[in-house]
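Take a look at the letters that make up each chain.
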Amino acid sequence: MTPPVTNFETTPTTSSLRRYAPKAAPAIATTTVLTLARLWNANGAEHSASAATLMGVLALGTAAAGVVVTNGRHGDPTSSALTFTAAGTLAVAGVAAYSDELPLPLLLWAVATVLAYVLAFRYWREDRRDGDAHGRHMETLREQHRHVETVTTIQARALVDSRYLELQSAQESTRQASALVDALTTRAQLPWPDLSALAPTVPPQQLTARTPAKEEVR
């Protein structure tokens, strides 16, 4: 029984999801933080000094780590952005969990979402630029490969044609040599002609008649 063939071709819907799913990541992240903070608020974090202190300490610590990473010898912009984003997220979560009213957490959520998109657009632009550069580089490599393949094909065809002409010339020479050998062999097998038949014959009467005439002249 032949197993079913699975089609792994990328559909337009899948391609669209892969393309636009990362665009929603900042909004999903900030919305998740706001939702968890409000759940924490409903479970005892509202007006809790210990919870606010904890989130404040975590936010300050993360921000300090971001400063250290930024000013370090091997500072990485991506690591710095991630640490400062984490610090802002903790701060927003602490305020959203401590506050009893919803407008302030929503305002912080909107600000955090905008800042996240601003930061994300920066890296998306860099990634798109790197992707375009990589695409151009790969296209150049493909063009070079096609050029080399075309030149190699032309050279191979020219070499094959040259060898074919040489083979035809050799075969023609072989046929001519064989014809010459056959002609010589056939000529050697023929009998030699009788050359005595070509000698002049004179009747005896003419020889007798001429002899007295020669004596009279003498």
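Cut-offs used in this document
Residues numbered from 1 in each chain as written. Predicted model: local features only at pLDDT ≥ 70, side-chain atom pairs only at ≥ 80, totals over all residues. Heavy atoms only, no water. Salt bridge = Lys/Arg side-chain N within 4 Å of Asp/Glu carboxyl O. Helix = DSSP H or I, 4+ residues; strand = E, 2+ residues; numbered from the N terminus. Buried < 20%, exposed > 50% of the residue type's maximum accessible area, 1.4 Å probe, protein only. Core = buried A, V, L, I, M, F, W, Y, C linked by side-chain atoms within 4.5 Å. Contact = heavy atoms within 4.5 Å. pLDDT = per-residue confidence, 0-100. Axes fitted to C-alpha atoms, helices over the stretch in contact; angles between N-to-C directions. Parallel < 35°, antiparallel > 145°, perpendicular 65-115°, else oblique. Left-handed = near helix turned anticlockwise from the far one by under 90°. Nonpolar A, V, L, I, M, F, W, Y, C, P; charged D, E, K, R; others polar. Expected span 1.5 Å × (residues − 1). Phe/Tyr/Trp six-rings, centres within 6.5 Å; stacked < 30°, edge-to-face > 60°. Arc of directions from axis to C-beta. 1 Å grid on protein atoms, 1.4 Å probe; cavity = no way out; pocket = protein on both sides within 12 Å on 5 of 7 lines; lining within 4 Å. Points joined across faces, edges and corners; volume = space filled by probe spheres on them.

Engineer: Please clarify how the pattern of salt bridges should be interpreted in this entry.
Structural biologist: Should the charged atoms of two oppositely charged side chains come close, the side chains can pair. Tallied over the full model, the rule gives five salt bridges. The partner of Arg 146 in a salt bridge is Glu 143, with the nearest N and O atoms 2.3 Å apart. You can see Arg 146 and its partner Glu 143 sitting in helix α5 (residues 103-189), three residues apart, about one turn around the helix. With relative accessibility at 37%, the residue Arg 146 sits in the partly exposed group. Residues participating in the shared-partner salt-bridge network are Glu 139, Arg 142, Glu 143 and Arg 146.

Engineer: Honestly, the nonpolar core in this entry has me stumped. Any pointers?
Structural biologist: The nonpolar side chains of a soluble globular protein tend to be buried, and buried together. In terms of nonpolar packing, the biggest core is built from eight residues, these being Leu 34, Ala 37, Ala 45, Ala 51, Met 55, Ala 93, Ala 96 and Ala 97. Those elements that provide at least two residues to this core are α2 (25-45), α3 (49-71) and α4 (77-98). Leu 34 has contacts with Ala 96, Pro 105, Leu 106 and Trp 109, leaving out every residue within four places of it along the chain.

Engineer: I'm lost on the confidence of the model for the protein chain in this one. Help?
Structural biologist: Segments scoring low in pLDDT should not have their predicted coordinates read at a detailed level. For the protein chain, the mean per-residue pLDDT works out to 76, and 74% of the residues sit at or above 70. The weakest mean pLDDT in the protein chain belongs to helix α6 (residues 204-217) at 52; the strongest belongs to α5 at 87. Every residue in residues 1-9 is under pLDDT 50, and counting partners more than four places away or in other chains gives zero contacts. Low pLDDT, under 50, characterises residues 213-218; the stretch is placed with zero contacts to residues that sit more than four places away or in other chains.

Engineer: Quick question: what am I supposed to make of the packing of α2 against α5 here?
Structural biologist: Think of two packed helices as two axes; the pair is described by the angle between the axes and how far apart they sit. At a closest axis distance of 8 Å, the pairing of α2 and α5 adopts a crossing angle of 150°. The pairing of α2 with α5 is recorded here as roughly antiparallel in orientation. Read as a crossing pair, α2 and α5 show a hand that is right-handed. Across the interface between the two elements, Pro 26, Ala 27, Thr 30, Thr 31, Leu 34 and Arg 38 from α2 touch Pro 105, Leu 106, Trp 109, Ala 112, Thr 113, Ala 116, Tyr 117, Ala 120 and Trp 124 from α5. Broken down by class, the residue content of the contact of α2 with α5 amounts to eleven nonpolar, three polar and one charged.

Engineer: Hey, could you run me through α5 in this one?
Structural biologist: Because each turn of an α-helix spans 3.6 residues, side chains separated by three or four positions end up pointing in the same direction. Between the first and last C-alpha of α5 there are 124 Å, a value that for 87 residues agrees with the 129 Å anticipated at 1.5 Å per step. Within α5, the full set of buried residues consists of Pro 105, Thr 113, Ala 116, Ala 120, Tyr 123 and Trp 124.

Engineer: How should the packing of aromatic side chains be read in this particular structure?
Structural biologist: Any two aromatic rings considered together are summarised by their centre-to-centre distance and by the angle between their planes. Taken as a whole and assessed by the stated rule, the structure comprises one aromatic pair. Seen in terms of ring centroids, Tyr 117 and Phe 121 are 6.0 Å apart; in terms of plane orientation they differ by 35°. Their pairing is tilted. Of the two residues, Tyr 117 and Phe 121 are both situated in helix α5; the distance of four residues between them amounts to about one turn of the helix. We classify Phe 121 as partly exposed; its relative accessible area is 47%.

Engineer: Which parts of the structure should I look at to understand α2?
Structural biologist: Burial in α2 covers these residues: Pro 26, Thr 30, Leu 34, Ala 37, Arg 38, Asn 41 and Ala 45. Along the long axis of α2, the arc covered by the buried residues comes to 120°, so they all point the same way. Counted as exposed and oriented over 90 degrees from the buried face of α2: Ile 28, Leu 36, Ala 42, Asn 43 and Gly 44. Note on α2: the residue one or two positions beyond its end, His 47, has a positive phi of about 60°.

Engineer: Explanation requested: the layout of surface pockets in the structure shown.
Structural biologist: Unoccupied space between atoms shows up once a probe the size of one water molecule is rolled over them. In this structure, the largest pocket spans a volume of roughly 560 Å³. Around the largest pocket, the lining is made up of 23 residues, and of these Thr 85, Ala 112, Leu 115, Ala 116 and Leu 119 lie nearest the centre. Listing elements by their share of the lining of the largest pocket, those giving two or more residues are α2, α4 and α5. Ranked by the residues each element gives to the lining of the largest pocket, the list is headed by α5, at ten residues. Residues of the lining of the largest pocket, tallied by class, amount to 18 nonpolar, five polar and no charged.

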